[in-house]
Every structure is written in C-alpha cells, then in structure tokens.
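Each chain, written out:
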Amino acid sequence: MKKDIEIAQEATMKPIEDITNQLDLDYEDWEPYGRYKAKLSESLLHKLSDRKDGKVVLVTAINPTPAGEGKSTVTVGLGQAMNQLNKRTVIALREPSLGPTMGLKGGAAGGGYSQVLPMEDINLHFTGDIHAITSANNALSAFIDNHIHRGNELNIDPRKIGWKRVLDLNDRALREVVVGLGGPLKGVPREDGFNISVASEIMAILCLASDLEDLKNRLARIVFGYTYEDKPVTVQQLGMEGALTLLLKEAIKPNLVQTIENTPAIVHGGPFANIAHGCNSVMATTIASKLGEYVITEAGFGADLGAEKFLNIKTRAGDFTPDAVVIVATVRALKMHGGVPKEGLGEENVNALQEGMSNLKKHMETIESFGLPFVVAINRFPTDTEEELNFVEKWCEEQNVRVALTEVHAKGGTGGLDLARAVMDTVDKEARSFTYTYELEDPIDEKVRKIARTVYGAKDVEFSNQAKKQMKLYDQLGWGNLPICMAKTQYSLSDDPALLGRPSDFTITIREFSPSIGAGFIVALTGDVMTMPGLPKEPAALKMDVDASGKAKGLF
Ligand code: ADP
C-alpha cells in the first residue's frame, strides 16, 4: 500500500485560482499564499451575508484508538464524493498541530486518496496561523512579566497568573517552569508553565470570533490572572488588545486549499478536542456554508468530545446547526472497545466486535439526544474481513440506523458515494429538532452534570474542593452563564483512559476549572488530562526527512 505522502506527491494540484474560480470568488475576495494556498478575505463573510446557507454535515466518531480512526479522511472523502455527485461541496477542517505530527500521528490532512493538499505544508507551518497564535500568546506573557517588573501598577499577584506560555510542540519538560530567575534586572521570579499552542485561549478565540472586531473584543476580555485582592485582571487593563489583534490580522483569514480530487477545502484553526473545544473556526464553517450547497466539517476525537463541544459551544458562537451527523466507526476500534489489545487488531474477531458495539451505541444515543439525524460510516481498513464488515452493517440495520461502508481511503470520492447518498437522503428526509445538552442559565455544576450524564453516561460528578471554590467565585464574577468546555481523555467515555467500550456506574471528577472569558467558556479539567502533551518513546519525527531537492519524506 502506498504511503499517504506518496499518494499526495503523485496528485496533480490545480493552481489555487482555479479553485477560487470554481467558487465564483472575485479578485478582492482572496489573496494567494504561493501557488496552491489562499487566504480568504475577512470581508467575504459580510459580502455573502445575505446568501442562503448550505447544509452543514458534521463528521464525528466513536472513541478512537491511539492511531485516530479516520474522521479527517472520511470528511475529505465524503466531500469528494458529494462533488462527484455534482453537489457543490466545501470541506472545512482543522489545521494540524506540530505536536501530534512530530509525536504520534505523523500527519493530519486526511489519508490515502482522501487528503487535502499540499499535505506537507498543511502538516508543517502552512500559512503560519499557529505561529501567529503562539506569538500573540507569548507576547501577552512577556507583557505580564514586564508589567510586574516595572512596578506592578495593577497589583497582579504573580502566584495567581493562569496565563501560560505556549509552544506548538510536545515538550513535557516545559510543563512547569520558573521564569524571571537571575536577579533584579531579569524580572520577578514566578512559577509558569507551557501549554501546547493549540490549547491557547487565543486559538479558541480565533476559532470562535465572527470577525476582526469581535476578535479584538474577545482578546480584550481575556482574564490572565488575579490581583492580591483576588480581582480578575484582563488584557484590556494591560492595554494590549490592539497589539494582539494586529499580530493575528492574517491568521484570522480562513485558508483555502484543495483535496486530491480538487474539491475546495477550508483549513482553519486547530484546537484539540480533549483539552480545548476541538472545532475549526466559525468563520471557516460560515464561509463554507455560504459558498457550498453542502459543508462537510469535522470535530475532534469522539462524539463525547468534539461533537459535544461543536454542538454546545460552536453553534452558540456561530449561526448554524448541523443538518446531519456522520459517526465514523472502524472495525479496529470497535474490536479494541471489545477488549482486543492494539497488537491483535489485525485479526478477525467477531465476538470482540459484538462486545465493542456498545461504544458506537452510546455515541448514537448522544447524537439523538441533540435531536439530530445521523449516518454511521464504516471506515474500511485493509485488515477488516467480510464477516466483520457484514456484522457491523447488519447490526446497524437491526437498530434501524443508516449505515454506509466507506472506502474513501483506498478509492477517494468513489469509495464514499454510498455514504454521500445516505447523507443527502438523511438531510432531505429526516426531521431534526436541535436541542442543547444544557441551558446557559443552568448553574455550572448542573451543566457539567448534564454533559457527564447525557453524553458520557456517567452516574455522577465529583468536584474537588478547589473546583467548588472556583464555581462560587465564578458566579460572583458573573461568569456562571458561560458554556462549559470539558477537558477529558479521548480514549474513554469516562475520565479514565483505560475504561473502554461503554463503561457504566462511573463518576467523573472535576479537578479544577479554568476561565476562558475571551473565548467565552469555562474549561472543566477532569482526571489528569495534560495541556502540554509529551512525546512517545519513538516519535513519528524519527521517520521524517527531506531530500536534497527539498522533497519531504515520512509525514506518513
Ligand atoms: P482522525 O481524523 O480520526 O484523527 P485521520 O483521518 O487523521 O484520523 O486518520 C489517521 C490515520 O489513519 C491516517 O494516517 C490515515 O491515513 C489512516 N487511515 C484512515 N483511514 C484509513 C483506512 N480506511 N485505511 C487505512 N488507513 C487509514
């Protein structure tokens, strides 16, 4: 089997102006970033505001195995298939972070014959948006430390600064650091730490902002710490929102690229779904829905994380709700949920598969709880046997659920035609009555409980003493009505990564909360989920290389 990068490098890309022409964009609507990438103008949204919205299809999945189960691949493949059926379709994806690219995954631009191109650029520095976010985040850190060094007029308590520095790499050694060492000329020593850039509140802000003005207002509202009297301190008090917005003025423009089959794709913003809200930008999805009859977009990890936050957070910031959902499942992951260890996933095991269906069942119920219709996409892997595939199809049919065997990795759009037809049929025929999991007016603990019970299937939620104190404080500060962004392991419905399948009778523990007032949500941290990942024993980067002509190798 050819590697993703080989397939990508053999594909023929069209010049990006062919793609903008396909979308009927005018000269002032976009600017080229090299031959195959473009930035869409921020003004495009205003220009298209009266245009009818296309149908939004959200791609989510069951709880993944460590390799990822092919949501991006199915998203790209489904978009290609819709285009083959002459439906004007725009794909909206997240931008990969260098952390997982160099660490575990090796690439996140789809796979096989369903990829976005140029995959090397998209997986590496792309159009520099994540670097701009890193710079803006760290500029704020530098200004906070400078403010304290220069006399601390705002009376900031250095022990209560929640704002961390960021880096777009997995680097566990930086999780906790002390800055300002070296004497009075080097600053005031304080404990700090690093998050991965995609966990920065600025990434979330960029993804939820509706335009440049909204971006600035959100940046101004960021609460980065507290005074000695426990009063929140904002970016506005430091007077930095203008400079931060300036650093992000290009990053806020959505990036247009194409797939292997030249289907338009907007790749913009990339928060992780386990430690952040997990969706591409509101601007990208909105523009895609104005330009296409259909938008195919994804949210990270399983439906317990990305889809929950897409539906409870992103749809509240944007002006859209999905018309249909695709739940991606693989035989491999279902067998893992049925108890098969990673090394045994290549062998036929219908009993384990049967056992593992409980995980898919839970995610189906979750999407139903939002009042949305869905299709199950079985993302076919070369190791799947006919018997296993038949079993999953039959199981879905018995549940009266639309299912489509999807071979977009091996065949591109052609392998997704059944899925595309099933999705269109669902959009046309199925009723939907979209409902949030919680109301914004619910108390914070009630919102968390509703997510834990409805979406994870938990028995109850336990709050640490610190979390309890924080809830009280947030209410006093008027933050009680914000939505909740859960930070939880992606591997399990619970907060224990080892509990696969459909665990029951479990309790979710909220260790602490963290306010993202600029983004407009409260982060609830469960278990010991890390906002700066570490590298595995054999990082994917060990396989990467570049030849003398500049051609990349090993990005999977
Ligand atoms: P996710 O979006 O769920 O994290 P991706 O779409 O990024 O997953 O896919 C993860 C990896 O799995 C990629 O390297 C991709 O090429 C590979 N992959 C996805 N689907 C298939 C498939 N059907 N057969 C073989 N490999 C696949």
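Residues numbered from 1 in each chain as written. Predicted model: local features only at pLDDT ≥ 70, side-chain atom pairs only at ≥ 80, totals over all residues. Heavy atoms only, no water.

- For the chain, an unreviewed UniProt entry supplies the name Formate--tetrahydrofolate ligase and the organism Pontibacillus chungwhensis.
- Listed in UniProt under the heading Sequence similarities (unreviewed entry), the comment for the chain reads: "Belongs to the formate--tetrahydrofolate ligase family."
- According to the UniProt record, the Pathway (unreviewed entry) comment for the chain reads "One-carbon metabolism; tetrahydrofolate interconversion." (UniProt positions renumbered as here; feature names shortened; annotations may be inferred.)

**Some details on the packing of aromatic side chains**
Turning to step 1, where the next piece is worked out: The full count for this structure, using the stated rule, is six aromatic pairs.
Turning to step 2, where the next piece is worked out: Summarising the aromatic geometry, the rings of Y474 and W479 are spaced 5.3 Å apart at their centres and angled 55° between planes, so their arrangement reads as tilted.
Turning to step 3, where the next piece is worked out: Taking relative accessible area as the criterion, W479 reaches 8% and is therefore assigned buried.
Turning to step 4, where the next piece is worked out: One aromatic cluster is present, formed by F463, Y474, W479 and F513 through successive ring pairs.
Turning to step 5, where the next piece is worked out: Its guanidinium or amino end placed over the ring of Y33, K39 lies 6.0 Å from that ring's centre, counting from NZ or CZ.
Turning to step 6, where the next piece is worked out: For the cation-ring pair, R332 lies above F381, with the distance from its terminal atom to the ring centre recorded as 4.3 Å. (Phe/Tyr/Trp six-rings, centres within 6.5 Å; stacked < 30°, edge-to-face > 60°. Buried < 20%, exposed > 50% of the residue type's maximum accessible area, 1.4 Å probe, protein only. Lys NZ or Arg CZ within 6 Å of the ring centre and 35° of its normal.)

**Some words on the pairing of strand β12 (residues 223–227)**
Turning to step 1, where the next piece is worked out: Of all the five residues making up β12, five are buried; the element is thus mostly covered by neighbouring parts of the structure.
Turning to step 2, where the next piece is worked out: Where β12 and strand β13 (residues 232–234) come together, three bridges link them in antiparallel fashion. In the strand pairing of β13, Y226 is matched with P232.
Turning to step 3, where the next piece is worked out: Counting the residues that bridge the hairpin from β12 to β13 gives four residues, and of these D230 lies at a positive phi of roughly 65°. (Helix = DSSP H or I, 4+ residues; strand = E, 2+ residues; numbered from the N terminus. Pairing = 2+ DSSP bridges.)

**Structural notes on the layout of surface pockets**
Turning to step 1, where the next piece is worked out: Empty space within the second largest pocket amounts to approximately 1,400 Å³.
Turning to step 2, where the next piece is worked out: In terms of lining residues, the second largest pocket is bounded by 47 residues, among which I161, G162, K164, E512 and S514 are the most central.
Turning to step 3, where the next piece is worked out: Of all the secondary-structure elements, those providing two or more residues to the lining of the second largest pocket are β7 (156–161), β10 (190–192), β11 (194–196), α8 (201–208), β12, α20 (465–476), β22 (507–516) and β23 (521–526).
Turning to step 4, where the next piece is worked out: Take the lining of the second largest pocket: its biggest share by element is six residues, from β22. (1 Å grid on protein atoms, 1.4 Å probe; cavity = no way out; pocket = protein on both sides within 12 Å on 5 of 7 lines; lining within 4 Å. Points joined across faces, edges and corners; volume = space filled by probe spheres on them.)

**Focus on the packing of helix α15 (residues 350–369) against helix α16 (residues 386–398)**
A pair of packed helices is characterised by two quantities: the angle between their axes and the separation of those axes.
Turning to step 1, where the next piece is worked out: The geometry of α15 relative to α16 is characterised by a closest axis approach of 11 Å and an angle of 40° between their N-to-C directions. You can see that α15 and α16 cross each other, and the crossing is right-handed. In this structure, α15 contributes V350, L353, Q354, M357, L360, K361 and M364 to the contact, and α16 contributes E387, E388, F391, V392, W395 and C396.
Turning to step 2, where the next piece is worked out: Among the residues making up the contact of α15 with α16, the classes are represented as nine nonpolar, one polar and three charged. (Axes fitted to C-alpha atoms, helices over the stretch in contact; angles between N-to-C directions. Left-handed = near helix turned anticlockwise from the far one by under 90°. Contact = heavy atoms within 4.5 Å. Nonpolar A, V, L, I, M, F, W, Y, C, P; charged D, E, K, R; others polar.)

**Considerations on the packing of α15 against helix α19 (residues 444–456)**
Turning to step 1, where the next piece is worked out: Their axes nearest at 8 Å, the elements α15 and α19 cross at an angle of 125°. The angle between α15 and α19 falls in the class oblique. Every residue of α19 that contacts α15 at K362, T366 and S369 is listed here: T454, V455 and Y456.
Turning to step 2, where the next piece is worked out: Looking at side-chain class alone, the contact of α15 with α19 contains two nonpolar, three polar and one charged residues. (Parallel < 35°, antiparallel > 145°, perpendicular 65-115°, else oblique.)

**Thoughts on the sheet that holds strand β21 (residues 484–487)**
Turning to step 1, where the next piece is worked out: The strand order across the open sheet formed by four strands is β20-β22-β23-β21, and the pairing between neighbours is mixed. Sheet topology places β20 (460–463) and β21 at the edges, where each strand pairs with a single neighbour. When strand polarity is set aside, the average angle formed by the axes of neighbouring strands in this sheet is 40°.

**Considerations on unusual backbone geometry**
Turning to step 1, where the next piece is worked out: With an omega of -5°, the peptide bond running from L117 to P118 counts as cis.
Turning to step 2, where the next piece is worked out: Mapped onto the elements of the fold, P118 is located in the loop between β6 (114–117) and α6 (119–123).
Turning to step 3, where the next piece is worked out: At N152, a position not held by glycine, the phi torsion is positive, near 55°.
Turning to step 4, where the next piece is worked out: Phi at D230 takes a positive value of approximately 65°, unusual for a residue other than glycine.
Turning to step 5, where the next piece is worked out: Along the chain, D230 turns up in the loop between β12 and β13.

**Observations regarding α19**
Turning to step 1, where the next piece is worked out: Taking 1.5 Å as the rise per residue, α19 with 13 residues should run 18 Å; its terminal C-alpha atoms sit 17 Å apart, in good agreement.
Turning to step 2, where the next piece is worked out: Buried within α19 are the following residues: I444, K447, V448, R449, I451, A452, V455 and Y456.
Turning to step 3, where the next piece is worked out: Once α19 ends, the next one or two residues include G457, with phi positive near 80°. (Expected span 1.5 Å × (residues − 1).)

**Quick word on the side chain of S72**
Turning to step 1, where the next piece is worked out: As for its position among the elements, S72 is in helix α4 (residues 71–84).
Turning to step 2, where the next piece is worked out: A relative accessible area of 17% places S72 in the buried class.

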